[in-house]
Amino acid sequence: MPAEILCCGEALIDMLPRISEQGESAFAPHTGGAVYNTAIALGRLGAPAGYFGGLSRDLFGQLLEEDLNAARVEAGLAPRSDAPTTLAFVTLRDGHATYAFYDENTAGRMLSEDDLPALPETVTTLFFGGISLVSEPCADSFAALAAREADKRLIMLDPNIRPGFIRDEARYRARLERMLALADVVKVSDEDLDWITGTTDPNALIAHGVKLVLMTRGAEGVTAVSAHGTRNLPANKVEVVDTVGAGDTFNAGFLAGLHQAGLATKGTFAAADLDALAPAITLGMRAAAVTVSRAGANPPWAEELA
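Since the structure is predicted, the reported quantities are computational estimates derived from the model, not experimental observations.

**A closer look at the pairing of strand 2 (residues 12–19)**
Sheet topology note: the strand 2/strand 3 (residues 25–32) ladder contains 8 bridges and is antiparallel. Looking across to strand 3, one finds that leucine 12 is bridged to glycine 32. A loop of 5 residues connects strand 2 with strand 3, the two strands running antiparallel in sequence, and glycine 23 in this loop sits at a positive phi of about 85°. Pairing geometry for strand 2 and strand 7 (residues 87–93), over 3 bridges, is parallel. Paired with aspartate 14 across the bridge in strand 7 is alanine 88.

**So, the side chain of aspartate 184**
Tracing the sequence through the fold places aspartate 184 in the loop between helix 4 (169–182) and strand 11 (185–189). Under the relative-accessibility criterion, aspartate 184 is labelled buried at 4%. Separated by 3.0 Å, the side chains of aspartate 184 and lysine 266 make a polar contact. If near-sequence neighbours (up to four positions away) are discounted, aspartate 184 is found in contact with Arg153, Leu154, Ile155, Val210, Lys211, Leu212, Lys266 and Phe269.

**As for the packing of helix 1 (residues 34–44) against helix 7 (residues 246–260)**
Closest axis-to-axis distance for the helix 1/helix 7 pair is 8 Å, and the angle between their directions is 45°. If you check the angle between helix 1 and helix 7, you find them oblique. The handedness of the crossing between helix 1 and helix 7 is right-handed. Contact with helix 1, carried on its side by Ala34, Asn37, Thr38, Ala41 and Leu42, involves Asp248, Thr249, Asn251, Ala252, Leu255 and Ala256 of helix 7 and no other residues of that element.

**Some thoughts on the packing of helix 3 (residues 138–149) against helix 4**
Where helix 3 meets helix 4, the closest approach of the two axes is 10 Å, and the angle between their N-to-C directions is 20°. Accordingly, the angle class assigned to the pair helix 3 and helix 4 is roughly parallel. Helix-helix and strand crossings are classified by hand; for helix 3 and helix 4 the assignment is left-handed. Contacts from Ala139, Asp140, Phe142, Ala143, Ala146 and Ala147 in helix 3 reach Arg171, Arg175, Arg178, Met179 and Leu182 in helix 4.

**Concerning the pairing of strand 9 (residues 125–129)**
When a strand is regular, its side chains alternate between the sheet's two faces. Counting buried positions along strand 9 yields 5 of 5 residues, so the element is predominantly enclosed. Neither face of strand 9 is left uncovered, since the one carrying Thr125, Phe127 and Gly129 and the one carrying Leu126 and Phe128 both have all their residues buried. Across 5 bridges, strand 9 lies against strand 10 (residues 154–158) in parallel orientation. Of the residues in strand 10, the one forming a bridge with threonine 125 is leucine 154.

Basis of the calculations
- Residues numbered from 1 in each chain as written.
- Predicted model: local features only at pLDDT ≥ 70, side-chain atom pairs only at ≥ 80, totals over all residues.
- Heavy atoms only, no water.
- Pairing = 2+ DSSP bridges.
- Helix = DSSP H or I, 4+ residues; strand = E, 2+ residues; numbered from the N terminus.
- Buried < 20%, exposed > 50% of the residue type's maximum accessible area, 1.4 Å probe, protein only.
- Polar contact = N/O pair within 3.5 Å; in protein donor to acceptor, adjacent residues only side chain to side chain.
- Contact = heavy atoms within 4.5 Å.
- Axes fitted to C-alpha atoms, helices over the stretch in contact; angles between N-to-C directions.
- Parallel < 35°, antiparallel > 145°, perpendicular 65-115°, else oblique.
- Left-handed = near helix turned anticlockwise from the far one by under 90°.

Structure (structure tokens):
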């Protein structure tokens, strides 16, 4: 189906630590990246999803495309190149993950403004987020796409702040400020919000011009804030295996819920109050609850939520 919700950002390979049958340390490749995970989750939920970001023609790029196809995510707008795929090697020490990124001159990072496509009329919503808003030159390209399309398409932003990735804080903050000014929806954690605004009050972003702030609070649920007021929505209680991909799945569930309710356009979203938006937020939490109940970024299919 033609994509209506286009996820714009990084796709990469997580190299996860394993022990081989011979007892040797090894790494297993798994497709990932925050924005890529959101696209996969959207497709699995049956939403008309698309992915836009630089994809490599190498072995790992083929893996990324195979999983997009399996989730019924349209990737025709994504430029292909012979540059390599970004790799993130994960090591675990005392249960804590550390990452070694191999991202220089990769297909995703080197996305330029010349690669930005003309979007078909079917695309009503753009989603941005993750480390692709940090790494240059792709970060500036995504910011330019948001600026070009914000007048006519719904914009959702999940900054997912990772201070350890930021090399030039002033440039990153300036870019983020520009994108926040364009965003209709922003999803943040309390840590994200504090880093961006110096406060954990979502109204700081409403004052910035954001129409809806979704502050995720883990097991406590989500606080939704708009000009119409504030609502606290409780989370589903589940036994947590790990939280990998939880936020990405929530984003997808919310966007899929907007689509189901006919609210995934600039105009229909602007007219919606918190009562109208609550079912989409709830779907996001239901989808995320499934993801945290099993290992890794493994979002649910629509039939699992039926």
